[in-house]
Amino acid sequence: MSQRLFIFGLGYSGLEIARLAKQRGWAVQGSVTTTAKAARLRAEGIDALVFDGTQALAVEASHVLCTASTLLLPSPVRAEWLGYLSTTGVYGNRDGGWVDETMAADPTQPRSRERVETEKAWQASAAALGLPLAIFRLPGIYGPGRSPLDNVRSGNLRRIDKPGQYFSRIHVADIANAVLAAAARKAAGIFNIADDEPAPNADVVAYACTLLGVPVPPAVPWEQAAPGMTPMARSFYSESRRVRNDKMKRELGVTLAYPTYREGLKAVL
């Protein structure tokens, strides 16, 4: 087969990957959950199928990628390579320390424990089929329409000061480039896809305010902010780690378009 990519889940990241793949000459097909979205994507030349995760779906592609968090390989496929988008949340809390792909998963959140189990299921499926599988562990994803700039504009973002707290992040365009680099090489293994500069969220919010020309709000101490946060928001602040990306650069030949949040937010603006 020629370079034919099937993506389970044409969401925020999946759609960015699909569009870049088309630009590079790949034939692209993927799944969505509604007929309306399928029609919109077909109008821009992306062959979208409606799939709820349960029905049989015949997939014939050279490369198959899953972006859905807990979706297992839903049916036998004829392919040469498999990919799965996971999360750096599987590393759990490291108290601000660095993590790389040699470290064992140690998830603390239920959603991250589910991801570890899904990773294992995809590894088992790939082994049974004799196919290479790349697992991409992603940190916080941002890009056009989904960034601190949007939150600052809406007035829904606070600067929370929690000493020693670090978040890693990645621009959605860099995800697409890294995934396609792995697909082209039929790379196998686990790859952290992250930028070069993990940073406290308060620093990123301050920079977004500066770009927008609005006053930088004072930082709110964690102890003061935590009681009013949702359980989901508190869970993100319960973990702190810095994600290394050396393997991505070394084995996939990736050069980041947005090596830090500064270049990324400028581009979004």
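Note: the structure precedes this text.
Residues numbered from 1 in each chain as written. Predicted model: local features only at pLDDT ≥ 70, side-chain atom pairs only at ≥ 80, totals over all residues. Heavy atoms only, no water.

Asks: Kindly report on the sheet that holds strand 5 (residues 63–66), identifying the contributing residues and their values.
Replies: Pairing is parallel in the open sheet, where seven strands are placed in the order 3-2-1-5-7-9-13. A single partner strand is all that each edge strand has here, and the edge strands are strand 3 (47–50) and strand 13 (189–192). Ignoring strand direction, the axes of neighbouring strands in this sheet form an average angle of 20°. Examined bridge by bridge, strand 1 (residues 4–8) and strand 5 share four bridges and lie parallel to one another. Residue pairing across strands places Leu 5 opposite His 63, the latter belonging to strand 5. Strand contacts of helix 3 (residues 110–129): strand 5, strand 7 (81–87), strand 9 (133–138) and strand 13, with the helix running at about 170° to strand 7, the strand carrying the most contacts. (Pairing = 2+ DSSP bridges. Helix = DSSP H or I, 4+ residues; strand = E, 2+ residues; numbered from the N terminus. Axes fitted to C-alpha atoms, helices over the stretch in contact; angles between N-to-C directions. Contact = heavy atoms within 4.5 Å.)

Asks: Outline the packing of helix 6 (residues 201–212) against helix 10 (residues 261–268), listing residues and values.
Replies: When two helices pack together, you describe them by how their axes are tilted relative to each other and by the distance separating the axes. Interhelical geometry of helix 6 versus helix 10 gives an angle of 35° and a closest axis separation of 11 Å. Two packed elements cross with a definite hand, and for helix 6 against helix 10 that hand is right-handed. Between helix 6 and helix 10, the residues in contact are Asp 203, Val 204, Tyr 207, Ala 208 and Leu 211 and Tyr 261, Arg 262, Leu 265 and Lys 266, respectively. Class assignment for the residues of the contact of helix 6 with helix 10 results in six nonpolar, no polar and three charged. (Left-handed = near helix turned anticlockwise from the far one by under 90°. Nonpolar A, V, L, I, M, F, W, Y, C, P; charged D, E, K, R; others polar.)

Asks: Now, about the layout of surface pockets: what can you tell me, with residues and values included?
Replies: Leftover empty space is mapped by rolling, across the atoms, a probe with the size of a water molecule. In this structure, the largest pocket spans a volume of roughly 1500 Å³. In this structure, the largest pocket is lined by 46 residues; those nearest its centre are Pro 139, Gly 140, Ile 141, Ser 168 and Phe 236. Mapped by element, the contributors of at least two residues to the lining of the largest pocket are helix 1 (12–23), strand 7, helix 3, strand 10 (140–142), helix 4 (148–154), helix 6 and helix 8 (231–237). Here the element with the most residues in the lining of the largest pocket is helix 8; it accounts for four residues. Looking at the lining of the largest pocket residue by residue, the class counts come to 18 nonpolar, 21 polar and seven charged. In this structure, the second largest pocket spans a volume of roughly 190 Å³. As for the second largest pocket, its lining consists of 14 residues, and the residues nearest its centre are Gly 9, Leu 10, Ser 31, Val 32 and Thr 33. (1 Å grid on protein atoms, 1.4 Å probe; cavity = no way out; pocket = protein on both sides within 12 Å on 5 of 7 lines; lining within 4 Å. Points joined across faces, edges and corners; volume = space filled by probe spheres on them.)

Asks: Give me the lowdown on the packing of aromatic side chains, citing residues and values where you can.
Replies: Per the counting criterion, the structure on display carries eight aromatic pairs. Between Phe 8 and Phe 51, the ring centres sit 5.6 Å apart and the planes meet at 55°, which makes this aromatic pair tilted. Note that Phe 8 is positioned in strand 1 and Phe 51 in the loop between strand 3 and strand 4 (59–60), a separation of 43 residues in sequence. Cluster of aromatic residues (ring-pair linked, three or more members): Phe 6, Phe 8 and Phe 51. Positioned above the aromatic ring of Tyr 12, the side-chain terminus of Arg 146 is 4.1 Å from the ring centre. Just above the ring of Trp 222 sits the side chain of Lys 162; from NZ or CZ to the centre is 4.5 Å. (Phe/Tyr/Trp six-rings, centres within 6.5 Å; stacked < 30°, edge-to-face > 60°. Lys NZ or Arg CZ within 6 Å of the ring centre and 35° of its normal.)

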